[in-house]
Amino acid sequence: MKRSVASALVMTLGVLCWVTGGLNAADPEDEIRRYREMIDDPMANPAYLNVDRGEALWNLPRGEKNASLATCDLGKGPGTLEGAYAELPRYFADADKVMDLEQRLLWCMETVQALDTHDVLSRKFGAPGSTSDMEDLVAYIANKSSGMTYHIPLDDVQERDAYAIGEELFYRRGSLLDFSCATCHSADGARIRTTQLPNLTKPGGDARNTMGSWPTYRVSQSQMRTMQNRLWDCYRQMRMPPPDYGSAGLTALMIYLAKQADGGSINVPSIKR
Amino acid sequence: MSLQSNANRPARYAAIIVALVAATSALAESATPKGPAEGTAGVERYVREMWASSDAKWKDRLKQDETQVLCSRFRNNPPEPLAQSIQTREAATIVFPKDNQVLGRWQEGEKLAQNGRGGQFSDAPDTVNGGNCYACHQMAKSELSFGTLGPSLSEYGKIRNFSAEAARDTFAKIYNSQATLACSSMPRFGAHGFLTEQQIKDVVAYLFDPDSPINK
């Protein structure tokens, strides 16, 4: 009797070891997928705090005109937020520029509110103890396009020009390590370390999944981040100097990427590593 | 290792011919570039605007060398005669160690392969540059966090019979990857002065030392 208990124990241990060994040896990509699913919980996504702060900021009278942003036109008419993010960047005749959401918000702050944006720009990226108005507003506004799809028709010649510049920038190699955006983002299914890299050289799934999940709460940074921040971070890794926030080149890259994501659904703010 | 699939080559054939003519004339500083080159001058205006507030020291990084210009223009698929001229120019940059000893210390090479710091605007100025090989390559099989943009380098020295000639070629490859493959995605570590001669020797040792975990 004792013997059979002992052998049962040994067998159980053996099975346990086998199971544990099996888990350890699991495909790293399966493990990454499992981790992504675990953190992808809207009810536990801290970026919804940014959404709430963004709503308050949108309605807050500020600047020399003591006006809120409620009459700011993001492309769908003054004050219309639903679906605006899904069609950005776009050409704005009043500014005679192709603008992404962040550039447009700065423009509205300066024109609608007559707000000195120096303080807003000094907090363009949130940090511990310092929230970012831009990140909060983007979270709020982009969330109003959640469940919709990207629609980037490039109807305007200026939009087509920006797209062409964005594409050239995407392939432009430079600096100390000869990197371009394409170095990391022109192969299917490739990784840097354990990080999956989207292929952004063509329309379709990768571009849709990427663009449809920004802005996002980045667990590794404990901050909600926008596409301006993502591109700034890419250029950091490419060993380039920090690109100027809201510059036309970043908008050109964004319209190129948004066009690749055309028709893809938007679910933001998301949560990522 | 070029990331551009060879399958793209036939589709781009006509464009490449047009572009080759344009590139040749552009090198002779005459005609306006055509084909994939079209709009390049416009892009550089955007580049200057994107980094308008960078200081002068950092702005040096906005300047492309001739190889970067051509690889950008041809999206890493330069037509054959141009590829050959890039390789010839890049091969001329390689400086082998004076004593022809290309093997350093594999333990130091392992640290360099793991280290992805250096040269970023977020790095302190005295940061030691790393090679960050694991970002793109599998190396020691015990390291599970490896990238797949480049080929696996597991058992690199072993499958080359630890040959001295292969080690010398590897020193050259790390020093300037484009001497053997025009527009390779791999950085030109030695040519850019990003890694020192000693650091490159240490990485070669990591690949070629029989005691290195790569060859276990």
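On a predicted model such as this, the values are computed, not experimentally measured, just so you know.

J.: What's the story with the overall build of chain B in this structure? I'm lost.
T.: When helices and strands are tallied, chain B shows nine helices and zero strands. In sequence order, the secondary structure elements of chain B are arranged as α-α-α-α-α-α-α-α-α. When burial is assessed residue by residue, chain B has 48% of its 216 residues classed as buried. Considering only intrachain contacts with a sequence separation of at least 6, the fraction spanning at least 24 residues in chain B is 60%. Here chain B has roughly 10,700 Å² of accessible surface; of this, 56% comes from carbon and sulfur atoms.

J.: What is the right way to read the overall build of chain A from this model?
T.: When you go through chain A residue by residue, the secondary structure sums to eleven helices and seven strands. In terms of overall dimensions, chain A has a C-alpha envelope of 90 × 40 × 35 Å along the principal axes. The burial tally for chain A puts 52% of its 273 residues in the buried class. Restricting to contacts in chain A with at least 6 residues of sequence separation, those with at least 24 account for 66%.

J.: Any chance you could explain the nonpolar core here in plain terms?
T.: Nonpolar side chains tend toward joint burial in soluble globular proteins. Core analysis: the biggest nonpolar cluster contains 105 residues, and A:Trp58, A:Leu74, A:Leu105, A:Ile141, A:Phe170, B:Met139 and B:Leu207 have the highest contact counts within it. Counting residues per element, this core draws most heavily on helix H11 (residues 248-260) of chain A, at eight residues. Counting eight residues, the second largest nonpolar core, distinct from the first, contains B:Leu70, B:Phe74, B:Leu82 and B:Ala83.

J.: Quick question: what am I supposed to make of the pattern of salt bridges here?
T.: Pairing between side chains of opposite charge can happen when the charged atoms of each approach one another. Considering all chains together, one arrives at 26 salt bridges over all chains under this definition. Across the pair B:Arg188 and B:Asp65 runs a salt bridge, and its minimum N-O distance is 3.1 Å. Note that B:Arg188 is positioned in the loop between helix H8 (164-175) and helix H9 (197-208) and B:Asp65 in the loop between helix H4 (56-59) and helix H5 (66-73), a separation of 123 residues in sequence. Because the salt bridges share partners, they merge into one network encompassing A:Asp178, B:Asp65, B:Glu66, B:Arg89, B:Glu90 and B:Arg188.

J.: What is the right way to read the interface of chain B and chain A from this model?
T.: A common way to state how big an interface is: give the accessible area lost once the parts meet. Contact with chain B, which involves 52 residues of that partner, is made by 38 residues of chain A. For the pair chain B and chain A, the summed buried surface comes to about 4,100 Å²; carbon and sulfur atoms form 55% of the total. For the salt bridge of B:Arg75 with A:Glu168, the shortest nitrogen-to-oxygen distance reads 3.8 Å. In this structure, the connection of chain B to chain A is made through 27 residue pairs in polar contact (both at pLDDT 80 or more). Elements with a contribution of two residues or more to the side of chain B that touches chain A: helix H3 (40-50), H5 and helix H7 (106-114) of chain B.

J.: Just checking my understanding: could you explain the sheet that holds strand E5 (residues 216-218) of chain A for this structure?
T.: Either a parallel or an antiparallel arrangement is found when strands of a sheet pair, and the pairing is made through backbone hydrogen bonds. Residues and elements named next belong to chain A. The three strands are arranged E6-E5-E7 in an open sheet whose pairing can be described as mixed. Single-partner strands in this sheet number two, and they are strand E6 (223-225) and strand E7 (270-272). Direction aside, neighbouring strands of the sheet carry axes that sit 35° apart on average. One ladder, built from three bridges, connects E5 with E6; its direction is antiparallel. Looking at the pairing, Thr216 lines up with Arg225 of E6.

J.: Looking at this model, I keep getting lost on the packing of aromatic side chains. Mind explaining?
T.: The geometry of an aromatic ring pair is captured by the separation of the ring centres together with the interplanar angle, meaning the angle of the planes. Tallied over the entire structure, the rule returns twelve aromatic pairs over all chains. Seen in terms of ring centroids, B:Phe189 and B:Phe194 are 6.4 Å apart; in terms of plane orientation they differ by 50°. Their pairing is tilted. Both residues of the pair, B:Phe189 and B:Phe194, belong to the buried class. Site record: aromatic cluster; members linked through ring pairs are A:Phe125, A:Trp232, A:Tyr245 and B:Phe121. Its guanidinium or amino end placed over the ring of B:Tyr156, B:Arg160 lies 3.7 Å from that ring's centre, counting from NZ or CZ.

J.: Looking at this model, I keep getting lost on helix H4 (residues 101-111) of chain A. Mind explaining?
T.: At 3.6 residues per turn, the α-helix brings residues three or four places apart onto the same side. Among the eleven residues that make up H4(A), eight are buried, leaving the element largely enclosed by the rest of the structure. Here H4(A) has its buried residues at A:Leu101, A:Glu102, A:Gln103, A:Arg104, A:Leu105, A:Leu106, A:Cys108 and A:Met109.

J.: Please clarify how helix H6 (residues 80-91) of chain B should be interpreted in this entry.
T.: All names here are of chain B. For H6, with twelve residues, the first-to-last C-alpha span of 16 Å sits near the 16 Å given by 1.5 Å per residue. Looking only at H6, the buried set comprises Leu82, Ala83, Ile86, Gln87 and Glu90. Seen from one end, H6 has its buried residues packed into an arc of 140°, which puts them on one side.

J.: I keep staring at the side chain of A:Asp133 and nothing clicks. Help me out?
T.: Mapped onto the elements of the fold, A:Asp133 is located in helix H6 (residues 133-143). For A:Asp133, the contacting residues outside a window of four places in its chain are A:Leu57, A:Arg62, A:Val120 and A:Arg123.

J.: Looking at this model, I keep getting lost on the packing of helix H7 (residues 157-170) of chain A against H11(A). Mind explaining?
T.: Angle between the axes and distance between the axes are the two parameters that describe a pair of packed helices. Residue and element names in this part refer to chain A. Where H7 contacts H11, the axes come no closer than 7 Å and their chain directions differ by 95°. Regarding the angle of H7 to H11, the classification is roughly perpendicular. Contacts between H7 and H11 involve Glu159, Ala162, Tyr163, Ile165, Gly166, Glu167, Leu169 and Phe170 from the former and Gly249, Ala252, Leu253, Ile255, Tyr256, Leu257, Lys259 and Gln260 from the latter. Residue composition of the contact of H7 with H11, grouped by class: ten nonpolar, three polar and three charged.

J.: How should I be thinking about unusual backbone geometry in this particular structure?
T.: Only a minority of non-glycine residues have a phi that is not negative, and only a minority of peptide bonds are not trans. Between A:Leu88 and A:Pro89 the backbone carries a cis peptide bond, its omega angle lying at 0°. At the junction of A:Trp214 and A:Pro215, the peptide bond is cis and its omega measures out at 5° in the coordinates. The backbone of B:Asn132 sits at a positive phi, close to 55°, despite the residue not being glycine. Take B:Asn132: it is sitting in the loop between H7 and H8.

About the criteria used
- Residues numbered from 1 in each chain as written.
- Chains lettered and ligands numbered in written order.
- Predicted model: local features only at pLDDT ≥ 70, side-chain atom pairs only at ≥ 80, totals over all residues.
- Heavy atoms only, no water.
- Helix = DSSP H or I, 4+ residues; strand = E, 2+ residues; numbered from the N terminus.
- Buried < 20%, exposed > 50% of the residue type's maximum accessible area, 1.4 Å probe, protein only.
- Contact = heavy atoms within 4.5 Å.
- Areas by Shrake-Rupley, 256 points an atom, 1.4 Å probe, with all protein chains shown as cover.
- Core = buried A, V, L, I, M, F, W, Y, C linked by side-chain atoms within 4.5 Å.
- Salt bridge = Lys/Arg side-chain N within 4 Å of Asp/Glu carboxyl O.
- Buried area = accessible area lost by both parts, 1.4 Å probe.
- Polar contact = N/O pair within 3.5 Å; in protein donor to acceptor, adjacent residues only side chain to side chain.
- Pairing = 2+ DSSP bridges.
- Axes fitted to C-alpha atoms, helices over the stretch in contact; angles between N-to-C directions.
- Phe/Tyr/Trp six-rings, centres within 6.5 Å; stacked < 30°, edge-to-face > 60°.
- Lys NZ or Arg CZ within 6 Å of the ring centre and 35° of its normal.
- Expected span 1.5 Å × (residues − 1).
- Arc of directions from axis to C-beta.
- Parallel < 35°, antiparallel > 145°, perpendicular 65-115°, else oblique.
- Nonpolar A, V, L, I, M, F, W, Y, C, P; charged D, E, K, R; others polar.

None of this, on its own, says anything about what the molecule does.
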